[in-house]
Structures are given as structure tokens and as C-alpha cells.
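Below are the chains, spelled out letter by letter.
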Amino acid sequence: IVAAILEADIIFISVNTPTKMTGIGAGRAANIKNCELCARKIAEIATSNKIVVEKSTVPVRTADAVKRVLASASQQKFQVLSNPEFLAEGTAISDLQAPARVLIG
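Peer 1: Would you mind showing me how to read the nonpolar core here?
Peer 2: As a rule of thumb, nonpolar side chains are buried together in soluble globular proteins. Ile42, Val52, Val66, Leu70 and Phe78 are the most contacted members of the largest nonpolar core, which has 17 residues in total. With five residues, helix H2 (residues 33-45) is the largest single contributor of residues to this core. If sequence neighbours within four positions are ignored, phenylalanine 78 has contacts with Ile42, Ala43, Ala46, Lys50, Val52, Lys67 and Leu70.

In C-alpha cells, the structure reads:
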């Protein structure tokens, strides 16, 4: 992972986002802890500016949270983009290879 982060110009964060079990939104909201952990790792390792693409099933403004983590943990500059998934369990591979839509924002 270290070598890949160092070499990459663009890094995709694509992680499991289970439903929150405690706190505000428990049982309804996505837990974005894994996205934040990835952002911390990227910030810790990166030695140059990067484009980070958040590509998971996450709530609106998760890219803002990722950007805050990156900015607070690194002196590098990061562009953060959101490219949400529209994957269904059981058809994820075919959905990824032939998406019905692609959003980047």
C-alpha cells in the first residue's frame, strides 16, 4: 500500500461502509469510519500532491470529511472527488463493468 500511494497520482477510496450501529443515525446512516481511516493513511504516506476519489456508497458530503482529514494530517495538497457507487449485491461485477450511469462531482 505504501508504494502504491507514493507512486499514484490518483487514489481511489473504495471501502465497505456498513450501517452505523450506535450514535446519531444508528440503524440508518452509513458508517464512514473506513473512508476516514484510508484518508489518514494516505495523508501519512503521501509525499506529493494527489487526487483522491471517494468511491463508496456513502452519504452526501463524505468527500468534505475526507478532505478535512487529509488537510489536517498532511502538508500536501489533495483534490478530493466523489464518484458514488451504484452497485447491488450479487451483480456488483457486471454493474461495475457496465454501469447504468457514472457521476463525478
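Peer 1: What exactly am I supposed to notice about the pattern of salt bridges here?
Peer 2: Two side chains carrying opposite charge are able to pair once their charged atoms lie near each other. Enumeration over the complete set of coordinates arrives at one salt bridge. The partner of glutamate 44 in a salt bridge is lysine 41, with the nearest N and O atoms 3.5 Å apart. Taken together, the residues glutamate 44 and lysine 41, both in helix H2 and three residues apart, mark about one turn of the helix.

Peer 1: How do you make sense of helix H3 (residues 62-73) when you look at a structure like this?
Peer 2: Along an α-helix, a turn takes 3.6 residues, which lines up residues three or four apart on a common side. Between its terminal C-alpha atoms H3 stretches 17 Å, which fits the 16 Å expected from 12 residues at 1.5 Å a residue. Within the sequence span of H3, burial applies to Thr62, Ala63, Ala65, Val66, Val69 and Leu70. Buried residues of H3 fall within an arc of 160° about the axis and therefore sit on the same side. Away from the buried face of H3 by more than 90 degrees, exposed residues Arg68, Ala71 and Ser72 are located. Along its buried surface, H3 packs onto strand E1 (10-13), H2, strand E2 (50-54) and strand E3 (78-82).

Peer 1: Got a minute to help me understand H2 in this structure?
Peer 2: The first and last C-alpha atoms of H2 sit 19 Å apart over 13 residues, in line with the 18 Å expected at 1.5 Å per residue. For H2, the full list of buried residues reads Cys35, Ala39, Ile42, Ala43 and Ile45. Those residues of H2 that are buried are in contact with helix H1 (2-7), E1, E2, H3 and E3.

Peer 1: Help me understand the sheet that holds E2, please; the structure alone is not making it clear to me.
Peer 2: Pairing between the strands of a sheet comes from backbone hydrogen bonds, and it takes one of two forms, parallel or antiparallel. Ordered in space as E1-E2-E3, the three strands form an open sheet in which the pairing is parallel. Each of the sheet's edge strands pairs with one partner strand only, and the pair in question is E1 and E3. In this sheet, neighbouring strand axes are inclined to one another by 20° on average, regardless of whether the strands run parallel or antiparallel. Bridging between E1 and E2 involves four bridges; their strand directions are parallel. Its bridge partner being in E2, phenylalanine 12 is matched across the sheet by valine 53. H3 contacts E1, E2 and E3 of the sheet and is inclined by roughly 160° relative to E3.

Peer 1: Explanation requested: a nonpolar patch on the surface in the structure shown.
Peer 2: A grouping of Ile10, Phe12, Ile51 and Leu81 is seen on the molecular surface, where their side chains present a nonpolar patch of about 340 Å² in accessible area. Relative to the helices and strands, isoleucine 51 is located in strand E2. What makes isoleucine 51 partly exposed here is its relative accessible area of 31%.

Peer 1: Would you take a moment to explain the pairing of E2 for this structure?
Peer 2: Each regular strand displays side chains that alternate between the two surfaces of the sheet. Of all five residues that make up E2, four are buried, and the element is covered over most of its length. The handedness of the E1 to E2 crossover, carried by H2, is right-handed. Bridge count between E2 and E3: five bridges; the pairing is parallel. Each residue of the ladder has a partner; that of valine 53, found in E3, is leucine 81. Each parallel crossover has a hand, and the one from E2 via H3 to E3 is right-handed.

Scoring rules and cut-offs
- Here, residues in each chain are numbered from 1, in the same order as that chain's written sequence.
- With the structure being a predicted model, the display of local features is reserved for residues of pLDDT at least 70 and the display and counting of side-chain atom pairs for 80 or more, all residues being used for whole-chain, interface and lining totals.
- Excluding hydrogens and water, the side-chain figures rest on all heavy atoms present in the structure.
- Only buried Ala, Val, Leu, Ile, Met, Phe, Trp, Tyr and Cys residues count toward a nonpolar core, and they belong to the same one when joined by side-chain atoms within 4.5 Å.
- Relative accessibility under 20% of the residue-type maximum defines a buried residue, over 50% an exposed one, and the middle range a partly exposed one, all with a 1.4 Å probe and only protein chains included.
- Starting at the N terminus, helices and strands are each numbered in turn, a helix being any DSSP run of H or I of at least four residues and a strand any DSSP run of E of at least two.
- Two residues form a contact once any of their heavy atoms are found within 4.5 Å.
- Salt bridges are defined as contacts in which a side-chain nitrogen from Lys or Arg sits within 4 Å of a carboxyl oxygen from Asp or Glu.
- Under the convention used throughout, the expected extent of a helix is 1.5 Å for every residue step, that is, one less than its residue count.
- The directions considered for the arc are those from the helix axis to the C-beta atoms.
- Two strands are said to pair when DSSP picks up at least two bridges between them.
- Only the contacting stretch of a helix is used when fitting its axis, a line to C-alpha atoms as for every element, and angles between N-to-C directions run 0 to 180 degrees.
- Like-charged residues are merged into a patch within 9 Å and nonpolar side chains (Val, Leu, Ile, Met, Phe, Trp, Tyr) within 5 Å, provided each residue has over 30% relative accessible area and no salt bridge.
- All accessibility values rest on the Shrake-Rupley procedure with a 1.4 Å probe; residue burial counts only the protein chains present in the view.
- Classification remark: right-handed applies to a crossover when, strands pointing away from the viewer, the course from the first strand over the helix to the second runs clockwise.

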